[in-house]
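Tertiary structure, described
Next come the chains, spelled out residue by residue.
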Amino acid sequence: MMPHDQKSSGTGVILVTMLVAGWLEVLPLPDMLELLRPEWLALTLVYWVIALPHRIGVFWGFGTGLFMDVLSGSLLGQHALAFSVIAWISDLVHKRMRVFPPVQQSAVMFMLVGAGVLLGYLLQDAIGRAHLAPWVMLLSAPSSALLWRPVYGTLRWVRQRFLVR
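Everything numeric in this text was worked out from a predicted model, so none of it was measured.

In this section: the environment of Leu138. Locating Leu138 in the fold gives a position in the loop between helix H7 (134-137) and helix H8 (140-161). According to the relative accessible area criterion, Leu138 is partly exposed, its value standing at 26%. Sequence separation between Leu138 and Leu75 is 63 residues, and the spatial gap between their C-alpha atoms is 18 Å.

Here's what the structure looks like:
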């Protein structure tokens, strides 16, 4: 462990958390649970935007979205656009999110993830690749909202343990 007078920038730790979230995105699930899969990368991105708004923002959202596009084999730029919007909105509300009670934070996460999923649906529909109804694609939003607090607690512990600033 580092002494308290040394400061770690923690970019490597942030990248590792994004890689773990990416692994969780492609982890095989039974067919019945596939549509309920939380948006792990979006949750991780929102945490880092809220925790470090001076370092993590729209460009990180774009890069994380491209990473998700490559992982999922989706339309290149679909998640990049959605995650950029999510990061932008998260940056706008980061001060309020910090003081919201847990239930309200989960509600905001439901809306952020839902907006990102609907934006992805609109892009897929525009090129004729939308195979599911929008309400079916939105099933990941409630599961993401329910898992927000455990993800928040875990990433906060990681940030404090590894002195990410």
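Having seen it, we continue.
The next subject is a nonpolar patch on the surface. On the surface, a cluster of nonpolar side chains totalling about 430 Å² of accessible area is made up of Val58, Leu81, Val85, Trp88 and Leu92. Counting residues per element, the nonpolar patch draws most heavily on helix H5 (residues 78-99), at four residues. Take Leu92: it is sitting in helix H5.

All right, on to helix H3 (residues 40-51) then. Taking 1.5 Å per residue, 12 residues should reach 16 Å; H3 reaches 17 Å between its end C-alpha atoms and fits that length. Of all 12 residues in H3, 12 are buried, a share of seventy percent or more. Of the residues making up H3, those classed as buried are Trp40, Leu41, Ala42, Leu43, Thr44, Leu45, Val46, Tyr47, Trp48, Val49, Ile50 and Ala51. Looking at the buried residues of H3, the elements they touch are helix H1 (11-26), helix H4 (58-72), H5, helix H6 (102-126) and H8.

Basis of the calculations
- Residues numbered from 1 in each chain as written.
- Predicted model: local features only at pLDDT ≥ 70, side-chain atom pairs only at ≥ 80, totals over all residues.
- Heavy atoms only, no water.
- Helix = DSSP H or I, 4+ residues; strand = E, 2+ residues; numbered from the N terminus.
- Buried < 20%, exposed > 50% of the residue type's maximum accessible area, 1.4 Å probe, protein only.
- Patch = residues over 30% accessible without salt bridge, like charges linked within 9 Å, V, L, I, M, F, W, Y side chains within 5 Å.
- Areas by Shrake-Rupley, 256 points an atom, 1.4 Å probe, with all protein chains shown as cover.
- Salt bridge = Lys/Arg side-chain N within 4 Å of Asp/Glu carboxyl O.
- Expected span 1.5 Å × (residues − 1).
- Contact = heavy atoms within 4.5 Å.

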